[in-house]
Amino acid sequence: MLIKVCGMREPDNIRRVAEAGADWMGFIFYARSPRFAGNLSPDEISKERAVRRPPVRVGVFVDATPEYMMEMGNKYALGYLQLHGNESPDTCYALQKRGYAIIKAFSIADEEDLKLTADYEGRADYFLFDTKCNGYGGSGKQFDWSVLTAYKGQTPFLLSGGINPDSVEAIRNFHHPKLAGLDLNSGFETAPGMKDAEKLKTFIDKIKK
């Protein structure tokens, strides 16, 4: 089970979350987000390199130009580009052809929303299913995971939206053949962009068992 911790912004907190065992670490390059990471230097983001197995870096974008995404990808050595807006399948595919691994996010409220994934099969390495809300992510609320039984696609997905330290049992009871990992953010924060590393470590240890 992959664990992605998203919305990282503070260098020392980046190091501590890396030490807590995150597999992937998300940095948001959307200027309207309170967790915007675009002002960090590459050296500040590199605090996670202090651990033996540093997390893979994921850049999160909302309707950004391919040129901007590639620029940030090169500047910060991003392992994945996560597209969290209304990016087309063609945009995803063009970035894949340039050598970038893609995570495409979808806002989910009911089974109808899952139909949008069909056009992105083969155009993304992972999907991310988040709670539908006004704006882009960060609702802190969980959607009804049972609707995902209707997802019959071949692309593995990350589960996001409202996951917190009390979600362990619900995650253990959720089963889907394409579930690849979890995306954690506000449910583990003490302030926007600041994660509680101890709570994360406890959660990750329980999930990984």
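The structure this text deals with has already been given above.
The sections below set out a description of the structure shown in this document. (Residues numbered from 1 in each chain as written. Predicted model: local features only at pLDDT ≥ 70, side-chain atom pairs only at ≥ 80, totals over all residues. Heavy atoms only, no water.)

1. With respect to the packing of aromatic side chains
Inspection of the entire model under this criterion finds 16 aromatic pairs. On the basis of an interplanar angle of 80° and a centroid distance of 5.2 Å, the ring pair of Trp24 and Tyr126 is categorised as edge-to-face. Placement of the pair is Trp24 in strand β2 (residues 24-28) and Tyr126 in strand β6 (residues 126-131), with a sequence separation of 102 residues. Geometrically, the ring pair formed by Tyr80 and Tyr126 is edge-to-face, given 5.9 Å between the ring centres and 65° between the ring planes. Here Tyr126 lies in strand β6 and Tyr80 lies in strand β4 (residues 80-83), a separation of 46 residues in the sequence. A relative accessible area of 16% places Tyr80 in the buried class. Since its relative accessible area comes to 16%, Tyr126 is described here as buried. (Phe/Tyr/Trp six-rings, centres within 6.5 Å; stacked < 30°, edge-to-face > 60°. Helix = DSSP H or I, 4+ residues; strand = E, 2+ residues; numbered from the N terminus. Buried < 20%, exposed > 50% of the residue type's maximum accessible area, 1.4 Å probe, protein only.)

2. A closer look at the environment of Gln96
Counting through the fold element by element, Gln96 comes out in helix α4 (residues 89-97). Among all residues touching Gln96, those that are not within four sequence positions of it are Ile102, Gly122, Arg123, Ala124 and Asp125. (Contact = heavy atoms within 4.5 Å.)

3. Overview of the sheet that holds β4
Hydrogen bonds between backbone groups are what pair the strands of a sheet, and the pairing can be parallel or antiparallel. With respect to topology, eight strands assemble into a closed barrel ordered β1-β2-β3-β4-β5-β6-β7-β8, the strand pairing being parallel. On average, adjacent strands in this sheet sit at an angle of 30° to one another, irrespective of strand direction. The sheet contact formed by β4 and strand β5 (residues 101-108) spans four bridges and is parallel. Counterpart to Tyr80 in the pairing with β5 is Ala101. (Pairing = 2+ DSSP bridges. Axes fitted to C-alpha atoms, helices over the stretch in contact; angles between N-to-C directions.)

4. Overview of the state of the cysteines
The tally for this structure, following the rule as stated, stands at zero disulfides. Counting only cysteine sulfurs, Cys6 is the nearest neighbor of Cys92, a cysteine outside any disulfide, at a range of 17 Å. The exposure class of Cys92 is buried, given its relative accessible area of 0%. (Disulfide = S-S within 2.5 Å.)

5. A look at the pattern of salt bridges
With the rule as written, the count across this model stands at 12 salt bridges. Between Asp183 and Lys4 there is a salt bridge, with its nearest N and O atoms 2.5 Å apart. Within this pair, whereas Asp183 is found in strand β8 (residues 179-184), its partner Lys4 is found in strand β1 (residues 2-5), the two being separated by 179 residues in sequence. Judged by its relative accessible area of 8%, Asp183 is buried. The exposure class of Lys4 is buried, given its relative accessible area of 0%. Taking the shortest distance from any N to any O, the salt bridge between Glu19 and Arg15 comes out at 3.2 Å. Here Arg15 and Glu19 lie together in helix α1 (residues 11-20), a separation of four residues that amounts to about one turn. Each of Arg35, Glu189 and Lys195 takes part in salt bridges that share partners, so that together they form one network. (Salt bridge = Lys/Arg side-chain N within 4 Å of Asp/Glu carboxyl O.)

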